[in-house]
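# Per-entry structural report
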Amino acid sequence: MSSESEMRRPEVSAGMAAARERGVRLGRPPAPLPPSATRVVQLRDEGLSLAAIAATLNSEQVPTPSGKGTWAKSSVKYVLDRYDAQGSA
């Protein structure tokens, strides 16, 4: 199924597809890792579950990556996945 933009501008869609095949990352670049990433990794290394890490971060009042709301398992996983993907130490 083609999207509406593909029907209007097939050359753009073809160019984007070719760029993806070359390994070009399309879209907005990811935001930098939050300062809390080191604490999240420390808790993971202690063997805590995602839920336990979220609860600990909330009790320590560590800000979330967005600076809003509270930590959830999904936000912990997001930070850990990004940390691992960047090969940060």
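How each quantity is defined
- Within each chain, residues carry numbers counting from 1 in the order of the written sequence.
- Totals for whole chains, interfaces and linings use all residues, but because this is a predicted model, local features are given only for residues with pLDDT of at least 70 and pairs of side-chain atoms are given and counted only at 80 or more.
- Heavy atoms throughout the structure, all of them, feed into the side-chain values; hydrogens and water do not.
- Strands here are runs of E lasting at least two residues and helices are runs of H or I lasting at least four, both read from the DSSP assignment and numbered beginning at the N terminus.
- Exposed residues in this analysis have more than 50% of their type's maximum accessible area, buried residues have under 20%, and partly exposed residues fall in between, with area computed by a 1.4 Å probe over protein chains only.
- For helices, the axis comes from a line fit to the C-alpha atoms of the stretch in contact; other axes are also lines fit to C-alpha atoms, and the angle between any two N-to-C directions lies between 0 and 180 degrees.
- Roughly parallel refers to an angle under 35 degrees, roughly antiparallel to one over 145, roughly perpendicular to one between 65 and 115, and oblique to any angle outside these ranges.
- Whether two residues are in contact is decided by their heavy atoms, any of which lying within 4.5 Å being enough.
- The classification used treats Ala, Val, Leu, Ile, Met, Phe, Trp, Tyr, Cys and Pro as nonpolar, Asp, Glu, Lys and Arg as charged, and all other residues, Gly among them, as polar.
- Note: pLDDT gives the predictor's confidence per residue, expressed from 0 to 100.
- Nonpolar side chains (Val, Leu, Ile, Met, Phe, Trp, Tyr) are joined into patches within 5 Å and like charges within 9 Å, using only residues with over 30% relative accessible area and no salt bridge.
- Only the protein chains shown count as cover for residues, and the accessible areas themselves come from Shrake-Rupley with a 1.4 Å probe.
- A pair is scored as a salt bridge if a Lys or Arg side-chain nitrogen falls within 4 Å of a carboxyl oxygen belonging to Asp or Glu.

## Thoughts on the environment of Pro35
Structurally, Pro35 is set in the loop between α2 (10-21) and α3 (37-45). You can call Pro35 exposed: its relative accessible area is 77%. Measuring from C-alpha to C-alpha, the distance between Pro35 and Val62 comes to 9.6 Å, with 27 residues separating the pair along the chain.

## A short note on the packing of helix α4 (residues 50-59) against helix α5 (residues 73-86)
It is the contact of α4 with α5, at a shortest axis distance of 8 Å, that shows an interaxial angle of 100 degrees. Here α4 lies roughly perpendicular to α5, going by the angle between them. Two secondary-structure elements touch here, α4 through Leu50, Ala51, Ile53, Ala54 and Leu57 and α5 through Lys73, Val76, Lys77 and Leu80. Of the residues that constitute the contact of α4 with α5, the class distribution is seven nonpolar, no polar and two charged.

## Re the confidence of the model for the protein chain
Of all residues in the protein chain, 88% attain a pLDDT of 70 or more, and the chain-wide mean is 87. Here helix α1 (residues 4-8) stands out as the element of the protein chain with the lowest mean pLDDT, 58, in contrast to α4, whose mean of 97 is the highest.

## Considering a nonpolar patch on the surface
Together, Val12, Met16, Val24 and Leu26 make up an exposed nonpolar region whose accessible area comes to about 280 Å². Along the polypeptide, Met16 turns up in helix α2. Classification of Met16 by relative accessible area gives partly exposed; the value is 36%.

## A closer look at the pattern of salt bridges
Evaluation of the coordinates by the stated rule reveals five salt bridges. Taking the shortest distance from any N to any O, the salt bridge between Glu60 and Arg39 comes out at 2.6 Å. Of this pair, Glu60 sits in the loop between α4 and α5 while Arg39 is found in helix α3, placing the two residues 21 residues apart along the sequence. The exposure class of Glu60 is partly exposed, given its relative accessible area of 38%. Taking the shortest distance from any N to any O, the salt bridge between Arg44 and Asp84 comes out at 2.9 Å. Linking Arg44 in helix α3 with Asp84 in helix α5, this pair joins segments that are 40 residues apart in sequence. Shared partners join several salt bridges into a network, and the residues in it are Arg44, Asp45 and Asp84.

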